[in-house]
Amino acid sequence: MINRRQLLRRSLLSAGALSLGNAIQATNSSIPSTSKQLFQHSACRWCYQDIPLEELAERGVDIGLKSIELLRPEEWAIVQTKGLNCAVATDSFASIPNGFNNRKNHASLQADYPALIHQAADAGIPNVICFSGNRNGMKDAKGLENCARGLEPLVREAERAGVTLIMELLNSKVDHKDYMADHTEWGVALVNKIGSPNFRLLYDIYHMQIMEGNLIANIQEHHAAIAHYHTGGVPGRREINSSQEINYPAVIQAINNTGYTGFIGQEFIPSYESKIDALREGVGICSLG
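Model, not experiment: these values are computed from the prediction. Just so you know, the residues in each chain are numbered from 1, in the order the chain's sequence is written. The model is predicted, so local features are restricted to residues of pLDDT at least 70 and side-chain atom pairs to those at 80 or more, both for listing and for counting; the totals for chains, interfaces and linings are taken over all residues. Water and hydrogen atoms were dropped before computing side-chain values, which therefore reflect all heavy atoms in the structure.

Caption draft 1: Expanded view of the sheet that holds strand S6 (residues 199-204). Read across the sheet, 8 strands follow the order S2-S1-S8-S7-S6-S5-S4-S3 without closing on themselves; strand pairing throughout is parallel. Where the open sheet ends on each side, the last strands, each with one partner, are strand S2 (67-69) and strand S3 (88-89). Whether two strands pair depends on DSSP finding at least two bridges between them. Strands are runs of DSSP state E lasting at least 2 residues, helices are runs of H or I lasting at least 4, and numbering of each runs from the N terminus. Alignment of strand S1 (residues 40-44) against S2, held across 3 bridges, turns out to be parallel. The residue of S2 that forms the bridge with Cys44 is Glu69. Two residues form a contact once any of their heavy atoms are found within 4.5 Å. Lines fitted to C-alpha atoms define the axes here, with helix axes fitted over just the stretch in contact, and angles between the N-to-C directions of these axes take values from 0 to 180 degrees. Sheet strands in contact with helix H5 (residues 140-161) are strand S4 (127-130), strand S5 (164-168) and S6, and its direction is about 150 degrees off that of S5.

Caption draft 2: Representation of the packing of helix H4 (residues 106-123) against H5. Closest axis-to-axis distance for the H4/H5 pair is 10 Å, and the angle between their directions is 25 degrees. Relative to H5, the element H4 lies roughly parallel. The handedness of the crossing between H4 and H5 is right-handed. For the pair H4 and H5, the contacting residues are His106, Leu109, Gln110, Tyr113, Pro114, Ile117, His118 and Ala121 in the first and Asn146, Arg149, Gly150, Pro153, Leu154, Glu157, Ala158 and Ala161 in the second. For classification purposes, an angle smaller than 35 degrees is called roughly parallel, one larger than 145 roughly antiparallel, one from 65 to 115 roughly perpendicular, and anything else oblique. Helix crossings fall into two classes, left-handed where the near helix is turned counterclockwise from the far one by less than a right angle and right-handed where it is turned clockwise.

Caption draft 3: The arrangement of the side chain of Ser196 in detail. The residue Ser196 is located in the loop between helix H6 (184-194) and S6 in this model. If we ignore the near neighbours within four places in the chain, the residues touching Ser196 are Val155, Arg156, Glu159 and Val191.

Caption draft 4: Examining the pattern of salt bridges more closely. Criterion for a salt bridge: a side-chain nitrogen of Lys or Arg within 4 Å of a carboxyl oxygen of Asp or Glu. On inspection of all chains with the given rule, the structure shows 15 salt bridges. Of the charged contacts in the structure, one is a salt bridge between Lys82 and Glu54, with a shortest N-O distance of 3.1 Å. With Lys82 in the loop between helix H3 (73-80) and S3 and Glu54 in helix H2 (residues 53-62), the pair connects residues that are 28 residues apart, well separated along the chain. In this structure, the salt-bridge partner of Lys82 is Glu58, at a minimum N-O distance of 2.8 Å. Within this pair, whereas Lys82 is found in the loop between H3 and S3, its partner Glu58 is found in helix H2, the two being separated by 24 residues in sequence. What makes Lys82 partly exposed here is its relative accessible area of 27%. In this scheme, a residue with accessible area under 20% of its type's maximum is buried, one over 50% is exposed, and one in between is partly exposed, where area comes from a 1.4 Å probe on protein chains only.

Caption draft 5: Looking closely at unusual backbone geometry. Residue Pro235 is bonded to the preceding Val234 through a cis peptide linkage, with omega at 0 degrees. As for its placement among the helices and strands, Pro235 is situated in the loop between strand S7 (226-230) and helix H9 (248-257). Backbone geometry at Leu70 places phi at a positive 60 degrees, although glycine is not the residue there. Relative to the helices and strands, Leu70 is located in the loop between S2 and H3. The phi dihedral of Asn214 is positive, around 50 degrees, even though this residue is not glycine. Within the fold, Asn214 resides in the loop between helix H7 (205-211) and helix H8 (215-222).

Caption draft 6: The side chain of Arg135, seen in detail. Take Arg135: it is sitting in the loop between S4 and H5. Pairs of N or O atoms are called polar contacts if they sit within 3.5 Å, as long as, within protein, a hydrogen donor faces a hydrogen acceptor (for residues adjacent in sequence, only side-chain-to-side-chain pairs). Of note is the side chain of Arg135, whose polar atom sits 2.9 Å from the backbone oxygen of Tyr179. Of note is the side chain of Arg135, whose polar atom sits 3.4 Å from the backbone oxygen of Met180. Discounting residues that sit within four places of it in the chain, Arg135 has contacts with Asn101, Asp140, Ser172, Asp178, Tyr179, Met180 and Asp182.

Caption draft 7: Layout of H8. Those residues of H8 lying buried are Leu215, Ile216, Asn218, Ile219 and His222. One side of H8 carries all its buried residues, which in axial view fall inside an arc of 165 degrees. Buried residues in H8 make contact with H6, S6, H7, S7 and H9. The reported arc concerns the directions from the helix axis to the C-beta atoms and nothing else.

Caption draft 8: Molecular detail of the environment of Asp175. Turning to its location among the elements, Asp175 is positioned in the loop between S5 and H6. Separated by 32 residues in the primary sequence, Asp175 and His207 have C-alpha atoms spaced 8.6 Å apart. Those residues within four positions of Asp175 in sequence are excluded, and the remaining contacts are Tyr206, His207, Ile210 and Arg237. One polar contact links Asp175 to Tyr206, side chain to side chain, over a distance of 2.6 Å.

On their own, these measurements won't tell you what the molecule is for.
This is the structure we're talking about:
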């Protein structure tokens, strides 16, 4: 005979299973399966500094890369001769802590960026990276206003050149203390204020998991403001496999389901003895079909 305690336990287990089943069904319905992969694979150069760039490009082609990114102008031709592009251009003046939220930086940044924008356009590079800068006691609303003012002439330059300026969202808890563009909402507000298709966000999955989580919902809601994605395992910024907390297959599927056709850049720090094997694994995890 079943006693009250056993009956209650069975009821709770049944209710729990039903709730879990409903949750899974709801999640699956919001991330429908897609067999066709729309985006392309890229890798961030700085994670593989001990591999010569020419060798990295050659090995990258073999594992399905279409780009090696965060390269300076003098490096672009090295990867392009191997059949790759550079998805995101940078140069030495692009500073994470000293960005567009400080009006004292505007003159120098507005002097340096136009050449990079036009060089990128001439080389067929779609994106040029920029940064908000650190708060240094500044209110976020003021920093947003300053960023919009400082970026405005450069966005017009980007429009003429056919290039997209992208501001990276970074975490301010672990890696970039005090960085201002540390939440999706703030970045989207800046995109909306500037109001140009040639200014959007670099959504770094690693950084945004640390700051706010809710990755899939934010990507689904704000994908129109995003021009590029980066990966990385949490915690530790290591490989993006099951040893870390982000469900990358689900996140990548959600990105693909938005119709995104740009690049997804691997930006984890390899811990494997073979860094190429680590990169191959990351590309595989981010491949659909």
